[in-house]
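Examining the three-dimensional arrangement
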Amino acid sequence: MNLIGKIFVVLIFVMSIVFMSFALMVYSAHINWREVVENPKEAPGKPLGLRLQVQNLRKENDALRAQIDELTKRLDAEIADKRAQVAKLEQARDDLQRERDQLMQQVAQLTQQARDAVAAMEAAHQTLAKRTAEVDDLRNLLRQAEQARHEALLRLVQRTDELHQTANELRVLKDRSVTLADDLAKAREVLAKFDLKPEPELYQDRAPKVEGVVLAVPGNGLLEISVGSDDGLMKGHKLDVFRLGNGENKYLGRVVVVRTEPDRAVCQVIPEYQEGPIQQGDRVASSLQ
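It should be emphasised that the depicted structure is a prediction, and the values quoted were computed from it without experimental measurement. (Residues numbered from 1 in each chain as written. Predicted model: local features only at pLDDT ≥ 70, side-chain atom pairs only at ≥ 80, totals over all residues. Heavy atoms only, no water.)

This brings us to the environment of Gly-236. Along the chain, Gly-236 turns up in the loop between β2 (222-225) and β3 (238-243). Along the chain, Gly-236 and Val-258 lie 22 residues apart, while their C-alpha atoms are 6.3 Å from each other. (Helix = DSSP H or I, 4+ residues; strand = E, 2+ residues; numbered from the N terminus.)

As a further point, take the sheet that holds β3. Strand order in the closed barrel formed by six strands is β1-β2-β5-β4-β3-β6, and the pairing between neighbours is antiparallel. Adjacent strand axes in the sheet meet at a mean angle of 45 degrees, parallel and antiparallel pairs treated alike. Pairing geometry for strand β4 (residues 250-260) and strand β5 (residues 265-269), over five bridges, is antiparallel. By the bridge assignment for β5, Thr-260 is matched with Ala-265. (Pairing = 2+ DSSP bridges. Axes fitted to C-alpha atoms, helices over the stretch in contact; angles between N-to-C directions.)

Turning our attention to the pattern of salt bridges. Evaluation of the coordinates by the stated rule reveals eleven salt bridges. Between Asp-282 and Arg-243 there is a salt bridge, and its shortest N-O distance comes to 2.8 Å. With a gap of 39 residues between them, Asp-282 in the loop between β5 and β6 (283-285) and Arg-243 in strand β3 connect regions that are remote in the sequence. Residues Asp-282 and Arg-243 agree in their burial class; the two are buried. One network of salt bridges, in which partners are shared, links Glu-224, Asp-263 and Arg-264. (Salt bridge = Lys/Arg side-chain N within 4 Å of Asp/Glu carboxyl O. Buried < 20%, exposed > 50% of the residue type's maximum accessible area, 1.4 Å probe, protein only.)

Now the structure itself:
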């Protein structure tokens, strides 16, 4: 046997060993696939058959699908409910937005009203300050008026006293006038007894001693006085006019009697003697003391 033969014998021996190892391995790893697929009952080391496992898995899958469908329906219902709630919330949000806009408008109106009220209050304060100042001025004027009234009352009392005094003097003068009239009547009787005529024109500018007041100033240089023929005045007598009182003593001019009555007379102002306007209440006298 040559070398090649020996090599082939060794190779065949080695290959035999390899194939024997493969056979042992295949035998040790041999599985009964029918039992694996068709095993009806699970036991230790022998799981349930794949067919039954597939059936069980299908049942579980169907149950899971049913659960998924139920959950999907529930989810759809919840989604629809959530969408309805979202729609309600959006509607509520829109309503709240509109209410907010309305409230903002009301706030703006109230703010403007508050500003107007503040402006009106400031104007009222200014008006009140003005009215207060006016009231103070009126109070001052009232105090001045009361002071003036008090002074006027004092002057009135003084004038009343003077008037009473003048009335007493007038009464005395009237009594004197009656006496003078009686004397004049007696004198005229005496003159008549002796066939004598009186000549009063010689004494026209000599007025008896009289004193009175100006009753009226009708105008055109005429004035009416409070003494007349009962006081001895006659047409042509001249009297002086003056003003007394209020710290003023002023000569106003001279007048001439143009008409007499028992208790009053009308006089004409003599222009060349006039030194001021004659008013009601001025005094007249036959002579200045």
